[in-house]
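# Results of the structural survey
Residues per chain are reported as follows:
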Amino acid sequence: MYDINLTSVYYIYRLDEKLMFNLILFGPPGSGKGTQSDKLVEQYGLIHLSTGNLLREEISNKTPLGLEAKKFMDKGQLVPDEVVIGMIDSSLEQHKKARGFLFDGFPRTVAQAKALDKLLELKKTSIASVLALEVNDEELIKRLLNRGKTSGRSDDTNENVIRKRLTVYNNETTPVADHYKKSKKFLAVNGEGSIEEIFSRLSEAIDKKLK
Ligand code: AMP
């Protein structure tokens, strides 16, 4: 009797783990994470969690968190870990019944990655895959300056701020890739080409993982 109960608890746990499917879309600023996230969440029924979007929402609502975060964002620096981890924690709480999450622009430091592992573990789930969009630096700068003409984002209009964001990415965010390479969850995807071409590369990788 005791054995049977333990076995069913194990299967229920496995089932929960299987039901939730969490992805990280990784890559430098301008690599197309936002564009591809919109398409991926529609295709796979995931909740899109973009820390950049959440922070911009706080800024437009003029909350104390937003006003504090803006000081870092305008300089191309990262917002402190505890701020973004807190935002992700409450977003996960708000979507208790989600089939899974697509994290975009998070985690950006190893401390954030470790915190995310812990938060997901508490929910008896984990990251299934980290898909990393790769785009060369000159193309990134071109895309960001172009986006700046229409996005209304001040951090996209100043080339110095763009270069700073790329330096911060190389120094603080690329170590996050190593964190996930250790658990063999990391997959590089060519982020150059048309939106549809890149989307089909990403979908192919996800479909393989879901099989
Ligand atoms: P994004 O929209 O992802 O390009 O983010 C815009 C800006 O928001 C970044 O340059 C950072 O200042 C801030 N930001 C977004 N996500 C994070 C994060 N996970 N950690 C720290 N800062 C972040």
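Residues numbered from 1 in each chain as written. Predicted model: local features only at pLDDT ≥ 70, side-chain atom pairs only at ≥ 80, totals over all residues. Heavy atoms only, no water.

### Considerations on the packing of aromatic side chains
As a reminder, the rule being used: Each Phe, Tyr or Trp ring (for Trp, its six-membered ring) is paired with any other whose centre lies within 6.5 Å, and the angle between the two planes then decides the class: stacked below 30 degrees, edge-to-face above 60, tilted in between. The secondary structure listing takes helices from DSSP runs of H or I that are at least 4 residues long and strands from runs of E that are at least 2 residues long, numbered from the N terminus. Relative accessibility decides the category of a residue: with a 1.4 Å probe and only protein chains considered, values under 20% of the type maximum give buried, values over 50% give exposed, and everything between is partly exposed. Think of it as a cone above the ring: NZ of Lys or CZ of Arg counts as a charge over the ring if it is within 6 Å of the ring centre and within 35 degrees of the ring normal.
This model, assessed by the stated rule, comprises four aromatic pairs. Here the aromatic rings of phenylalanine 26 and phenylalanine 186 are separated by 6.1 Å at their centres, their planes lie at 75°, and the arrangement is edge-to-face. Pair noted here: phenylalanine 26 is in strand β1 (residues 22–26) and phenylalanine 186 is in strand β5 (residues 186–190), with a separation of 160 residues, a long-range link. Judged by relative accessible area, phenylalanine 186 falls into the buried class, the value being 19%. Between phenylalanine 101 and phenylalanine 103, the ring centres sit 6.0 Å apart and the planes meet at 35°, which makes this aromatic pair tilted. The exposure classification of phenylalanine 101 matches that of phenylalanine 103, with both residues buried. What links up through ring pairs into an aromatic cluster is the set Phe26, Tyr169 and Phe186. Over the ring of phenylalanine 199 we find lysine 39, and its NZ or CZ is 4.9 Å from the ring centre. Over the face of the ring belonging to phenylalanine 186 we find lysine 181, whose NZ or CZ atom lies 4.9 Å from the ring centre.

### A short note on the packing of helix α3 (residues 51–60) against helix α5 (residues 81–94)
Operational definition: Lines are fitted to the C-alpha atoms to define the axes, a helix being fitted only along its stretch in contact, and any angle between axes, read from their N-to-C directions, falls within 0 to 180 degrees. Any angle from 65 to 115 degrees is called roughly perpendicular, while one under 35 is roughly parallel, one over 145 is roughly antiparallel, and all others are oblique. By definition, residues are in contact when any of their heavy atoms lie within 4.5 Å.
Remark: α3 packs on α5, axes separated minimally by 11 Å, with the N-to-C direction vectors making an angle of 95°. The angle between α3 and α5 places the two elements in the roughly perpendicular class. Seen from α3, the contacting residues are Thr51, Leu54 and Leu55; seen from α5, they are Val84, Met87, Ile88 and Ser91.

### Focus: the site of the ligand
Definition in use: For this purpose, a residue is taken to be near a molecule or strand whenever a single non-hydrogen atom of the residue falls within 4 Å of it. Contacts described as polar in this section are N or O atom pairs within 3.5 Å, which, within protein, must combine one atom able to donate a hydrogen with one able to accept it, while residues neighboring in sequence count only if both atoms come from side chains. Working definition of accessibility: Shrake-Rupley area with a 1.4 Å probe, residue cover restricted to the visible protein chains. Three categories are distinguished: nonpolar for Ala, Val, Leu, Ile, Met, Phe, Trp, Tyr, Cys and Pro, charged for Asp, Glu, Lys and Arg, and polar for the others, with Gly belonging to the last.
The ligand sits among 16 residues. The nearest are Thr51, Arg56, Gln77, Gly105 and Gln112. Glycine 105 is positioned with one of its backbone polar atoms (N or O) 3.0 Å from a nitrogen atom of the ligand. Contact between the ligand and arginine 108: an oxygen atom at 3.0 Å from a side-chain N or O atom of the residue. Coverage of the ligand by the protein chains reaches 96% of its 480 Å² of free accessible surface. With four residues, the top contributor of residues to the shell around the ligand is α3. Among the residues making up the shell around the ligand, the classes are represented as six nonpolar, five polar and five charged.

### Observations concerning the nonpolar core
For clarity, the cut-off: We define the nonpolar core as a collection of buried residues of types Ala, Val, Leu, Ile, Met, Phe, Trp, Tyr and Cys that are connected through side-chain atoms lying within 4.5 Å of one another.
Within the largest apolar cluster, 30 residues are counted, with the highest numbers of intra-cluster contacts made by Phe26, Phe103, Leu116 and Tyr180. When contributions to this core are tallied by element, the ones reaching two or more residues are β1, α4 (64–73), α5, β3 (101–104), α6 (110–122), β4 (127–134) and α8 (159–182).

### Observations regarding the sheet that holds β4
Applicable threshold: Pairing between two strands requires that DSSP report at least two bridges joining them.
Pairing is parallel in the open sheet, where five strands are placed in the order β2-β3-β1-β4-β5. Across the chains shown, the open sheet's two edge strands, defined by having one partner strand only, are β2 (47–50) and β5. The average undirected angle you get between the axes of adjacent strands in this sheet is 20°. For β2 and β3, the ladder comprises four bridges, and the chain directions are parallel. Its bridge partner lying in β3, isoleucine 47 is registered against phenylalanine 101. Its contacts with the sheet put α3 on β2 and β3, and the angle it makes with β2 is roughly 70°.

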